[in-house]
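# Survey of secondary and tertiary structure
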Amino acid sequence: MTKPIVRIAEVFPRDGLQTLLYEPGLRQPTTDEKVDFIQRVALTGVPEIEITGFVHPRVIPQLADADAVASAVVDKLPGTTLRALVPNYRGAERAIACGMPKISCLIAASPTYQRLNSNMTIDDNLRDIERIVELGARAGVQVALGMAISFVCPYDGVVPLESVLRIVERAVKLGMRDIHLSDSIGLAWPSLVRERCSTVLDRWPDVFLGLHLHTLAGTALANAFAGYEAGARSFDGSAAGIGGGIAMPVHTTEMGNVATEDLVYLFESSGVSTGIDLAAASANGRRAMALVGTGGGHVTGFGTLQGFLDINRAHLAEIAAAPPGQSASKR
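My aim in this report is to walk through the structure given alongside it, one point at a time. (Residues numbered from 1 in each chain as written. Predicted model: local features only at pLDDT ≥ 70, side-chain atom pairs only at ≥ 80, totals over all residues. Heavy atoms only, no water.)

## Points about the packing of helix H6 (residues 122-139) against helix H7 (residues 161-173)
In the contact formed by H6 and H7, the axes pass within 11 Å of each other and the chain directions differ by 20°. Taken together, the axes of H6 and H7 are roughly parallel relative to one another. In this structure, the crossing between H6 and H7 has a hand that is right-handed. For the pair H6 and H7, the contacting residues are Ile 122, Asp 123, Leu 126, Arg 127 and Glu 130 in the first and Arg 166, Ile 167 and Arg 170 in the second. Across the contact of H6 with H7, the residue classes tally to three nonpolar, no polar and five charged. (Axes fitted to C-alpha atoms, helices over the stretch in contact; angles between N-to-C directions. Helix = DSSP H or I, 4+ residues; strand = E, 2+ residues; numbered from the N terminus. Parallel < 35°, antiparallel > 145°, perpendicular 65-115°, else oblique. Left-handed = near helix turned anticlockwise from the far one by under 90°. Contact = heavy atoms within 4.5 Å. Nonpolar A, V, L, I, M, F, W, Y, C, P; charged D, E, K, R; others polar.)

## Some words on the nonpolar core
Counting 96 residues, the largest nonpolar core has Met 100 and Ile 103 as its most contacted members. Beyond its immediate chain neighbours, meaning those up to four positions away, Ile 103 contacts Ala 84, Val 86, Ala 92, Ala 95, Ile 96, Ile 132, Val 141, Gln 142, Val 143 and Ala 144. (Core = buried A, V, L, I, M, F, W, Y, C linked by side-chain atoms within 4.5 Å. Buried < 20%, exposed > 50% of the residue type's maximum accessible area, 1.4 Å probe, protein only.)

## Considering the environment of Leu 135
Position of Leu 135 relative to the elements: it lies in helix H6. Expressed as a C-alpha distance, the spacing of Leu 135 and Tyr 89, which sit 46 residues apart in the sequence, is 8.7 Å. In this structure, Leu 135 is in contact with Tyr 89, Ala 92, Glu 93 and Ile 96, ignoring residues within four places of it in sequence.

## A few points about the sheet that holds strand E8 (residues 178-183)
In a beta sheet, neighbouring strands are held together by backbone hydrogen bonds and run either parallel or antiparallel to one another. Taken in spatial order, the eight strands close into a barrel running E1-E2-E3-E4-E5-E8-E9-E10, and their pairing is parallel. Going from strand to strand, the sheet's axes swing by 30° on average, the running direction of each strand aside. This element, helix H9 (residues 220-230), spans E8, strand E9 (208-213) and strand E10 (234-237) of the sheet and lies at about 175° to E9. (Pairing = 2+ DSSP bridges.)

## Quick word on a nonpolar patch on the surface
There is a patch of nonpolar side chains on the surface, built from Tyr 265, Phe 302, Leu 305, Phe 308 and Ile 311 and spanning about 460 Å² of accessible area. At three residues, helix H12 (residues 305-321) tops the list of elements feeding residues into the nonpolar patch. Inspection of the secondary structure assignment puts Leu 305 in helix H12. (Patch = residues over 30% accessible without salt bridge, like charges linked within 9 Å, V, L, I, M, F, W, Y side chains within 5 Å. Areas by Shrake-Rupley, 256 points an atom, 1.4 Å probe, with all protein chains shown as cover. Salt bridge = Lys/Arg side-chain N within 4 Å of Asp/Glu carboxyl O.)

## Topic: helix H11 (residues 278-292)
In a regular helix each residue adds 1.5 Å, so 15 residues correspond to 21 Å; H11 covers 21 Å between its end C-alpha atoms and thus fits that length. Those residues of H11 lying buried are Leu 278, Ala 281, Ser 282, Asn 284, Gly 285, Ala 288, Leu 291 and Val 292. Packing partners of the buried residues in H11 comprise helix H1 (12-18), helix H2 (31-43) and helix H10 (260-269). Backbone geometry just after H11 places Gly 293 at a positive phi near 90°. (Expected span 1.5 Å × (residues − 1).)

## A few points about the pairing of E9
Of all the six residues making up E9, five are buried; the element is thus mostly covered by neighbouring parts of the structure. As judged from the six bridges shared by E8 and E9, these two strands associate in the parallel manner. Bridging from a neighbouring strand, Ile 179 pairs with Leu 209 of E9. A crossover links E8 with its parallel partner E9, the connecting element being helix H8 (residues 190-203), and its sense is right-handed. Strand direction decides the pairing type here: E9 and E10, joined by three bridges, are parallel. (Right-handed = clockwise from strand over helix to strand, strands pointing away.)

## Focus on the side chain of Arg 196
The topology assignment puts Arg 196 in helix H8. In this structure, Arg 196 is buried with no salt-bridge partner, the nearest side chain bearing the opposite charge being Glu 195 at 4.3 Å. In contact with Arg 196, other than residues within four places in its own chain, are Ser 150, Phe 151, Val 158, Val 159, Pro 160, Leu 161, Val 164 and Leu 181. (Lys, Arg positive; Asp, Glu negative; His and termini not counted.)

Here is the structure:
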(Lines give C-alpha, C1' and ligand atoms only; values in the text may rest on other atoms or scores of the structure.)
Protein backbone atom coordinates (compact mmCIF):
# COMPACT_ATOMS: atom_id res chain seq x y z
CA MET A 1 0.00 0.00 0.00
CA THR A 2 1.38 3.41 -0.99
CA LYS A 3 1.93 5.80 1.91
CA PRO A 4 0.16 9.17 1.77
CA ILE A 5 2.49 12.08 0.96
CA VAL A 6 2.79 15.68 2.12
CA ARG A 7 5.01 18.49 0.85
CA ILE A 8 7.10 20.29 3.45
CA ALA A 9 8.73 23.57 2.43
CA GLU A 10 11.68 25.07 4.32
CA VAL A 11 11.21 28.80 4.98
CA PHE A 12 14.10 29.57 7.35
CA PRO A 13 16.08 31.45 4.65
CA ARG A 14 13.21 33.93 4.40
CA ASP A 15 10.80 33.84 7.35
CA GLY A 16 13.41 32.68 9.83
CA LEU A 17 15.86 35.43 8.90
CA GLN A 18 13.10 38.02 8.71
CA THR A 19 12.85 37.59 12.50
CA LEU A 20 16.16 39.43 12.82
CA LEU A 21 14.35 42.63 11.90
CA TYR A 22 12.72 42.71 15.33
CA GLU A 23 15.42 40.93 17.34
CA PRO A 24 18.60 43.02 16.87
CA GLY A 25 20.55 40.89 19.35
CA LEU A 26 20.56 37.92 16.98
CA ARG A 27 23.33 37.23 14.47
CA GLN A 28 22.90 38.03 10.77
CA PRO A 29 24.22 35.22 8.50
CA THR A 30 26.34 36.18 5.53
CA THR A 31 25.19 35.58 1.98
CA ASP A 32 27.59 32.66 1.67
CA GLU A 33 26.19 31.13 4.87
CA LYS A 34 22.65 31.47 3.56
CA VAL A 35 23.62 29.78 0.30
CA ASP A 36 25.39 26.97 2.14
CA PHE A 37 22.34 26.42 4.33
CA ILE A 38 20.00 26.26 1.34
CA GLN A 39 22.27 23.72 -0.33
CA ARG A 40 22.33 21.58 2.81
CA VAL A 41 18.53 21.70 3.09
CA ALA A 42 18.19 20.49 -0.50
CA LEU A 43 20.38 17.49 0.35
CA THR A 44 17.95 16.38 3.09
CA GLY A 45 15.21 15.76 0.54
CA VAL A 46 13.14 18.87 1.26
CA PRO A 47 11.11 19.31 -1.94
CA GLU A 48 10.64 23.08 -1.74
CA ILE A 49 12.66 25.93 -0.21
CA GLU A 50 11.66 29.56 0.16
CA ILE A 51 15.12 30.97 -0.39
CA THR A 52 14.46 34.68 0.21
CA GLY A 53 12.00 37.53 -0.13
CA PHE A 54 12.23 40.27 -2.77
CA VAL A 55 11.32 43.18 -0.51
CA HIS A 56 12.76 46.68 -0.37
CA PRO A 57 16.08 46.64 1.55
CA ARG A 58 14.93 49.52 3.72
CA VAL A 59 11.96 47.45 4.90
CA ILE A 60 13.83 44.22 5.64
CA PRO A 61 17.59 44.80 5.36
CA GLN A 62 18.23 41.18 6.38
CA LEU A 63 17.00 40.14 2.91
CA ALA A 64 18.87 42.84 0.97
CA ASP A 65 21.00 40.16 -0.71
CA ALA A 66 17.99 38.43 -2.34
CA ASP A 67 19.41 38.81 -5.85
CA ALA A 68 22.79 37.38 -4.82
CA VAL A 69 21.22 34.41 -3.00
CA ALA A 70 19.00 33.63 -6.00
CA SER A 71 21.91 33.90 -8.40
CA ALA A 72 23.89 31.39 -6.34
CA VAL A 73 21.24 28.65 -6.18
CA VAL A 74 18.69 29.00 -8.99
CA ASP A 75 19.08 26.16 -11.53
CA LYS A 76 21.76 24.58 -9.35
CA LEU A 77 19.67 22.33 -7.10
CA PRO A 78 17.92 19.79 -9.35
CA GLY A 79 14.93 18.10 -7.79
CA THR A 80 14.22 20.99 -5.41
CA THR A 81 11.66 23.68 -6.15
CA LEU A 82 12.94 27.13 -5.18
CA ARG A 83 10.46 29.86 -4.41
CA ALA A 84 10.64 33.45 -3.20
CA LEU A 85 8.20 35.69 -1.39
CA VAL A 86 7.08 38.73 -3.38
CA PRO A 87 5.02 41.31 -1.45
CA ASN A 88 4.16 43.36 -4.54
CA TYR A 89 4.52 43.68 -8.30
CA ARG A 90 7.97 45.23 -8.10
CA GLY A 91 9.17 42.30 -6.00
CA ALA A 92 7.75 39.89 -8.58
CA GLU A 93 9.61 41.69 -11.36
CA ARG A 94 12.89 41.37 -9.43
CA ALA A 95 12.33 37.70 -8.65
CA ILE A 96 11.50 36.81 -12.24
CA ALA A 97 14.52 38.76 -13.48
CA CYS A 98 16.65 36.56 -11.19
CA GLY A 99 15.21 33.42 -12.77
CA MET A 100 13.08 32.30 -9.84
CA PRO A 101 10.94 29.36 -11.01
CA LYS A 102 8.25 30.01 -8.38
CA ILE A 103 7.05 33.07 -6.51
CA SER A 104 4.61 33.39 -3.62
CA CYS A 105 2.36 36.44 -3.37
CA LEU A 106 1.34 37.72 0.05
CA ILE A 107 -2.00 39.06 1.24
CA ALA A 108 -3.68 39.30 4.65
CA ALA A 109 -7.26 38.35 5.45
CA SER A 110 -7.44 41.04 8.15
CA PRO A 111 -7.97 44.61 6.85
CA THR A 112 -6.10 46.06 9.86
CA TYR A 113 -3.07 43.83 9.45
CA GLN A 114 -3.17 44.23 5.67
CA ARG A 115 -2.90 48.00 5.95
CA LEU A 116 -0.08 47.83 8.50
CA ASN A 117 1.87 45.21 6.59
CA SER A 118 1.66 46.58 3.03
CA ASN A 119 -0.02 49.99 3.18
CA MET A 120 -2.62 48.60 0.78
CA THR A 121 -6.23 47.56 1.19
CA ILE A 122 -7.13 43.93 0.54
CA ASP A 123 -8.74 44.91 -2.76
CA ASP A 124 -5.66 46.92 -3.77
CA ASN A 125 -3.50 43.91 -2.98
CA LEU A 126 -5.75 41.59 -4.97
CA ARG A 127 -5.43 43.88 -8.00
CA ASP A 128 -1.65 43.82 -7.56
CA ILE A 129 -1.72 40.00 -7.38
CA GLU A 130 -3.74 39.89 -10.59
CA ARG A 131 -0.93 41.77 -12.34
CA ILE A 132 1.65 39.41 -10.80
CA VAL A 133 -0.26 36.35 -12.04
CA GLU A 134 -0.30 37.82 -15.56
CA LEU A 135 3.41 38.58 -15.32
CA GLY A 136 4.15 35.06 -14.10
CA ALA A 137 2.13 33.52 -16.92
CA ARG A 138 4.09 35.48 -19.52
CA ALA A 139 7.38 34.41 -17.92
CA GLY A 140 6.41 30.77 -17.35
CA VAL A 141 6.78 31.15 -13.58
CA GLN A 142 4.61 29.39 -10.99
CA VAL A 143 2.65 31.80 -8.79
CA ALA A 144 1.39 30.70 -5.36
CA LEU A 145 -0.57 32.61 -2.73
CA GLY A 146 0.25 32.95 0.94
CA MET A 147 -2.65 34.34 2.98
CA ALA A 148 -1.44 35.86 6.25
CA ILE A 149 -3.76 36.19 9.27
CA SER A 150 -6.14 33.51 7.99
CA PHE A 151 -7.29 32.57 11.49
CA VAL A 152 -6.56 35.13 14.22
CA CYS A 153 -5.54 38.79 13.93
CA PRO A 154 -3.42 40.35 16.69
CA TYR A 155 -5.62 43.46 16.53
CA ASP A 156 -9.12 42.32 15.51
CA GLY A 157 -9.34 38.81 16.99
CA VAL A 158 -10.78 35.87 15.05
CA VAL A 159 -10.86 36.64 11.32
CA PRO A 160 -14.30 36.03 9.76
CA LEU A 161 -14.36 32.90 7.63
CA GLU A 162 -15.98 34.83 4.79
CA SER A 163 -12.93 37.13 4.61
CA VAL A 164 -10.74 34.10 3.94
CA LEU A 165 -13.14 32.56 1.43
CA ARG A 166 -13.47 35.82 -0.53
CA ILE A 167 -9.72 35.93 -1.09
CA VAL A 168 -9.53 32.24 -2.03
CA GLU A 169 -12.39 32.71 -4.50
CA ARG A 170 -10.63 35.62 -6.17
CA ALA A 171 -7.35 33.69 -6.30
CA VAL A 172 -9.02 30.66 -7.87
CA LYS A 173 -10.63 32.88 -10.51
CA LEU A 174 -7.15 34.15 -11.33
CA GLY A 175 -6.04 30.56 -11.92
CA MET A 176 -4.12 30.12 -8.66
CA ARG A 177 -4.28 26.65 -7.11
CA ASP A 178 -1.29 26.55 -4.73
CA ILE A 179 -2.66 28.41 -1.70
CA HIS A 180 -1.41 28.56 1.89
CA LEU A 181 -3.44 29.70 4.88
CA SER A 182 -1.22 31.24 7.54
CA ASP A 183 -1.57 31.34 11.30
CA SER A 184 0.82 34.26 11.37
CA ILE A 185 0.93 34.75 15.15
CA GLY A 186 0.39 31.19 16.35
CA LEU A 187 -2.91 31.53 18.20
CA ALA A 188 -5.13 29.28 16.05
CA TRP A 189 -6.44 25.98 17.39
CA PRO A 190 -7.11 22.60 15.75
CA SER A 191 -10.90 22.79 15.34
CA LEU A 192 -10.60 26.25 13.75
CA VAL A 193 -7.90 25.04 11.37
CA ARG A 194 -9.88 21.91 10.49
CA GLU A 195 -13.03 23.92 9.81
CA ARG A 196 -11.33 26.43 7.52
CA CYS A 197 -9.36 23.84 5.57
CA SER A 198 -12.46 21.68 5.12
CA THR A 199 -14.57 24.62 3.97
CA VAL A 200 -12.00 25.75 1.40
CA LEU A 201 -11.56 22.25 0.00
CA ASP A 202 -15.29 21.53 -0.06
CA ARG A 203 -15.78 24.59 -2.28
CA TRP A 204 -12.59 24.28 -4.35
CA PRO A 205 -11.43 20.63 -4.27
CA ASP A 206 -8.77 21.25 -6.93
CA VAL A 207 -6.88 23.68 -4.68
CA PHE A 208 -3.55 22.34 -3.38
CA LEU A 209 -4.04 23.68 0.13
CA GLY A 210 -1.19 24.38 2.50
CA LEU A 211 -0.61 25.73 5.99
CA HIS A 212 2.01 28.15 7.30
CA LEU A 213 1.91 27.84 11.09
CA HIS A 214 3.39 29.69 14.03
CA THR A 215 3.70 28.59 17.64
CA LEU A 216 2.70 31.23 20.21
CA ALA A 217 0.02 29.07 21.87
CA GLY A 218 1.94 25.81 21.39
CA THR A 219 -0.69 24.33 19.08
CA ALA A 220 1.17 24.39 15.76
CA LEU A 221 1.78 20.64 15.44
CA ALA A 222 -1.79 19.83 16.46
CA ASN A 223 -2.97 22.40 13.92
CA ALA A 224 -0.80 20.81 11.23
CA PHE A 225 -2.32 17.40 11.77
CA ALA A 226 -5.84 18.80 11.98
CA GLY A 227 -5.22 20.51 8.66
CA TYR A 228 -3.84 17.30 7.19
CA GLU A 229 -6.94 15.38 8.29
CA ALA A 230 -9.06 18.06 6.58
CA GLY A 231 -7.12 17.68 3.31
CA ALA A 232 -4.19 20.13 3.49
CA ARG A 233 -1.13 18.59 1.86
CA SER A 234 1.54 21.31 2.02
CA PHE A 235 3.20 22.63 5.17
CA ASP A 236 5.81 25.33 5.70
CA GLY A 237 8.42 24.79 8.38
CA SER A 238 11.47 26.70 9.55
CA ALA A 239 14.61 24.97 10.81
CA ALA A 240 14.67 24.94 14.63
CA GLY A 241 11.37 26.78 14.67
CA ILE A 242 13.09 30.10 13.99
CA GLY A 243 10.68 32.77 12.79
CA GLY A 244 8.39 35.51 13.96
CA GLY A 245 5.74 38.04 13.11
CA ILE A 246 5.25 41.76 12.81
CA ALA A 247 6.39 44.16 15.52
CA MET A 248 4.10 43.85 18.55
CA PRO A 249 4.56 44.15 22.33
CA VAL A 250 5.92 40.59 22.45
CA HIS A 251 9.22 39.15 21.22
CA THR A 252 8.73 37.73 17.74
CA THR A 253 10.74 34.63 18.62
CA GLU A 254 7.91 33.65 20.99
CA MET A 255 5.64 33.23 17.97
CA GLY A 256 8.20 31.37 15.88
CA ASN A 257 7.41 29.05 12.98
CA VAL A 258 6.71 25.41 13.52
CA ALA A 259 10.04 23.59 13.21
CA THR A 260 10.70 21.71 9.98
CA GLU A 261 12.16 18.77 11.85
CA ASP A 262 9.09 18.58 14.10
CA LEU A 263 6.80 18.45 11.06
CA VAL A 264 8.91 15.66 9.58
CA TYR A 265 8.73 13.69 12.83
CA LEU A 266 4.97 14.27 13.13
CA PHE A 267 4.14 13.02 9.65
CA GLU A 268 6.71 10.25 9.26
CA SER A 269 5.80 8.72 12.64
CA SER A 270 2.13 8.91 11.59
CA GLY A 271 2.76 6.95 8.39
CA VAL A 272 2.76 9.97 6.08
CA SER A 273 5.76 10.34 3.78
CA THR A 274 7.70 13.60 3.55
CA GLY A 275 10.70 12.30 1.59
CA ILE A 276 12.95 14.10 4.10
CA ASP A 277 15.83 12.62 6.12
CA LEU A 278 14.79 13.41 9.71
CA ALA A 279 18.27 13.17 11.22
CA ALA A 280 19.65 15.51 8.56
CA ALA A 281 16.75 17.93 9.09
CA SER A 282 17.49 17.91 12.80
CA ALA A 283 21.15 18.67 12.11
CA ASN A 284 20.07 21.60 9.95
CA GLY A 285 17.98 22.82 12.85
CA ARG A 286 21.06 22.90 15.05
CA ARG A 287 22.99 24.62 12.24
CA ALA A 288 20.30 27.31 11.97
CA MET A 289 20.46 27.89 15.73
CA ALA A 290 24.21 28.38 15.50
CA LEU A 291 23.83 30.79 12.59
CA VAL A 292 21.47 33.22 14.33
CA GLY A 293 21.69 32.43 18.06
CA THR A 294 18.11 31.36 18.84
CA GLY A 295 15.60 28.58 18.20
CA GLY A 296 15.12 24.96 19.11
CA GLY A 297 12.64 22.47 17.67
CA HIS A 298 11.22 19.75 19.89
CA VAL A 299 13.26 17.01 18.21
CA THR A 300 16.32 19.08 17.32
CA GLY A 301 18.37 17.50 20.10
CA PHE A 302 17.87 13.88 19.03
CA GLY A 303 16.31 13.91 15.60
CA THR A 304 14.63 10.53 15.77
CA LEU A 305 13.11 8.15 18.28
CA GLN A 306 16.01 5.82 17.53
CA GLY A 307 18.53 8.52 18.40
CA PHE A 308 16.82 9.10 21.74
CA LEU A 309 16.73 5.36 22.46
CA ASP A 310 20.40 4.93 21.53
CA ILE A 311 21.48 7.53 24.09
CA ASN A 312 19.41 6.00 26.86
CA ARG A 313 20.34 2.39 26.03
CA ALA A 314 24.03 3.35 26.12
CA HIS A 315 23.44 4.86 29.55
CA LEU A 316 21.65 1.69 30.65
CA ALA A 317 24.59 -0.39 29.44
CA GLU A 318 26.99 1.75 31.49
CA ILE A 319 24.91 1.15 34.60
CA ALA A 320 24.77 -2.58 33.95
CA ALA A 321 28.56 -2.76 33.46
CA ALA A 322 29.38 -0.85 36.65
CA PRO A 323 30.72 -2.79 39.69
CA PRO A 324 28.12 -3.61 42.32
CA GLY A 325 27.21 -0.57 44.37
CA GLN A 326 28.79 1.90 41.93
CA SER A 327 26.12 2.25 39.26
CA ALA A 328 25.24 5.75 40.49
CA SER A 329 28.71 6.98 39.52
CA LYS A 330 27.92 6.20 35.92
CA ARG A 331 24.94 8.55 35.77
